[in-house]
Amino acid sequence: MSTFPWLTTIGVLPLVGSIVVILLPKGRPLLAKQVALVVSFVTLVLTVLMALQFQGDSTEPFQFVESHPWIPAFGISYSVGVDGIGLVLVALATTLVPIVVLAGWNDVDENSRGSVKGYFALILALETLMVGVFAATDVFLFYVFFEAMLIPVYFMIGRYGGVQRSYAAVKFLLYSLLGGLFMLASLIGLYVVSAQITGTGTFDFLTLVGLDMDPTTEKLLFLGFFFAFAVKAPLWPFHTWLPDAAAEAKP
């Protein structure tokens, strides 16, 4: 299999595009839109090329794997890879972004509450974080991407949304941060348990899956993750942020 860093390239390209869009001169809204569309389309093409190399009959748990030490003292690394489900989710994200760019082509103008280039830069930044969430095989890295997605979404709602945009954005942020705290607690618990069992704390997904944990501990850790995902999904009764966010999200 190719050693080309497919996932890193696919993830970083929209971020670079976001920075380029932000640095474009003022008064060039059409150019900002065009750059965002081109970058998102190239990202989609790279995803298709990567998908064509995916080996469906492989016995490896993840493909297109990349791993580099990040915070070795805590067993944290930049580790990414995809299985069949992860590949589909990455492809879905990179397919939707060009569609979103086109759908929002005329939603924002220079006379709106925020600049055109800011709006499309946030979309590209969000794409990077989505790819990171679906590709991360280090659980702490997943958490970082998962929570960082709050930033562009918060600003998109709070700056470009409707009349009640500030209320909706803050409500979305507070709910998501609360759920994230429960996930963080479970992450710390996983690290402590892995250190007790193996002697070395880790956030590596495959290592954590293979741990023989006490059933009670497993259930408690599961509840932390469940609550965090229940807020983000969202599931009843943690869903009340969604109607406000959905209603105010459109410029």
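Novice: Just checking my understanding: could you explain the packing of aromatic side chains for this structure?
Specialist: For any two aromatic rings, the description comes down to two numbers: the centre-to-centre distance and the angle of the planes. Applying the stated criterion across every chain yields a total of 18 aromatic pairs. By the ring-pair criterion, three or more aromatic residues cluster together here, those being Trp70, Phe74, Phe140, Tyr143, Tyr191 and Phe203. Above the face of the Phe146 ring, Lys232 is positioned so that its terminal group lies 3.7 Å from the ring centre.

Novice: Even after reading the chapter, I still don't get the pairing of strand S1 (residues 63-71), so can you show me in this structure?
Specialist: In regular strands, side chains alternate between the two faces of the sheet. In the sheet, S1 pairs with strand S2 (residues 76-82) via 6 bridges, with the strands oriented antiparallel. Opposite His68, over in S2, you have Tyr78 as the bridge partner. The turn joining S1 and S2, which pair antiparallel and follow one another in sequence, is formed by 4 residues; a positive phi near 65 degrees is taken by Gly75.

Novice: Help me understand unusual backbone geometry in this model?
Specialist: Most peptide bonds take the trans form, and the phi angle of most residues other than glycine is negative. Pro234 follows Ala233 through a cis peptide bond whose omega is -10 degrees. Take Pro234: it is sitting in the loop between helix H9 (215-232) and helix H10 (241-248). Note the cis peptide between Trp236 and Pro237, where omega equals 5 degrees. One can find Pro237 in the loop between H9 and H10.

Novice: Is there a simple way to think about the pattern of salt bridges in this case?
Specialist: Where charged atoms of side chains with opposite charge meet at close range, the side chains can pair. Taken as a whole, this structure holds 1 salt bridge when the rule is applied. Measuring nitrogen to oxygen at the nearest pair gives 3.9 Å for the salt bridge that ties Glu147 to Lys232. With a gap of 85 residues between them, Glu147 in helix H5 (residues 139-148) and Lys232 in helix H9 connect regions that are remote in the sequence. The exposure classification of Glu147 matches that of Lys232, with both residues buried.

Novice: Would you mind showing me how to read helix H6 (residues 150-160) here?
Specialist: Because an α-helix packs 3.6 residues into every turn, residues spaced three or four apart end up facing the same way. The complete set of buried residues in H6 reads Leu150, Pro152, Met156, Ile157 and Tyr160. Next to the buried residues of H6 lie helix H4 (116-135), H5, helix H7 (165-198), H9 and H10.

Novice: Help me understand the side chain of Ser77 in this model?
Specialist: One can find Ser77 in strand S2. Among the residues examined, Ser77 registers a relative accessible area of 15% and is labelled buried. Of note is the side chain of Ser77, whose polar atom sits 2.6 Å from the side chain of Ser79. Contacts of Ser77, omitting those with residues within four sequence positions, involve Ser67, His68, Pro69, Trp70, Asp138 and Leu141.

Novice: For this particular structure, what's the right way to read the nonpolar core?
Specialist: Nonpolar side chains in soluble globular proteins tend to end up buried together. Residues Leu7, Met50, Val82 and Met183 are the most contacted members of the largest nonpolar core, which totals 37 residues. Those elements that provide at least two residues to this core are helix H1 (6-23), helix H2 (29-52), S2, helix H3 (84-103), H4, H5, H7 and H9. Per element, the largest residue contribution to this core is 8 residues, and it comes from H5. Setting aside chain neighbours within four positions, we find Met50 in contact with Trp6, Leu7, Ile10, Phe64 and Leu87.

Novice: Explain the environment of Thr47 here, please?
Specialist: Examined against the element boundaries, Thr47 turns out to sit in helix H2. The exposure class of Thr47 is buried, given its relative accessible area of 2%. Thr47 has contacts with Ile10, Val90, Ala91 and Thr94, leaving out every residue within four places of it along the chain.

Novice: I keep staring at a nonpolar patch on the surface and nothing clicks. Help me out?
Specialist: Together, Phe41, Val45, Val48, Leu49 and Leu52 make up a nonpolar patch on the protein surface, roughly 460 Å² of accessible area in all. Among the secondary structure elements, Leu49 is positioned in helix H2.

Thresholds applied
- Residue numbers here run from 1 along each chain, matching the order of that chain's written sequence.
- Thresholds applied to this predicted model are a pLDDT of at least 70 for local features of residues and 80 or more for the giving and counting of side-chain atom pairs; totals over whole chains, interfaces and linings are not thresholded and use all residues.
- Neither water nor hydrogens contribute to the side-chain values; these are computed over all heavy atoms in the structure.
- Only the six-membered ring of Trp is used, alongside the rings of Phe and Tyr, when aromatic pairs are assigned; centres must lie within 6.5 Å, and planes under 30 degrees apart are stacked while those over 60 apart are edge-to-face, with the rest tilted.
- By definition here, charges over rings are those cases where NZ of Lys or CZ of Arg is within 6 Å of the ring centre and within 35 degrees of the ring normal.
- One requirement defines pairing of two strands: DSSP has to find at least two bridges between them.
- Secondary structure elements are taken from DSSP: a helix is a run of H or I of four residues or more, a strand is a run of E of two residues or more, and numbering for both begins at the N terminus.
- Whenever Lys or Arg places a side-chain nitrogen within 4 Å of a carboxyl oxygen from Asp or Glu, that contact is recorded as a salt bridge.
- Per-residue accessibility, obtained with a 1.4 Å probe over protein chains only, is compared with the maximum for each type, and a residue is labelled buried under 20%, exposed over 50%, and partly exposed between these values.
- We call two residues in contact whenever any of their non-hydrogen atoms come within 4.5 Å of each other.
- Residues adjacent in sequence count toward polar contacts only when both atoms are side-chain atoms; beyond that, a polar contact is any pair of N or O atoms within 3.5 Å, and within protein one must be able to donate a hydrogen and the other to accept it.
- Residues enter a nonpolar core if they are buried and are Ala, Val, Leu, Ile, Met, Phe, Trp, Tyr or Cys, with the set joined through side-chain atoms within 4.5 Å.
- A patch consists of residues whose relative accessible area exceeds 30% and which take part in no salt bridge; residues with like charges are grouped when within 9 Å of each other, and nonpolar side chains (Val, Leu, Ile, Met, Phe, Trp, Tyr) when within 5 Å.
- The method behind every accessible area is Shrake-Rupley, applied with a 1.4 Å probe, and residues are considered shielded solely by the protein chains displayed.

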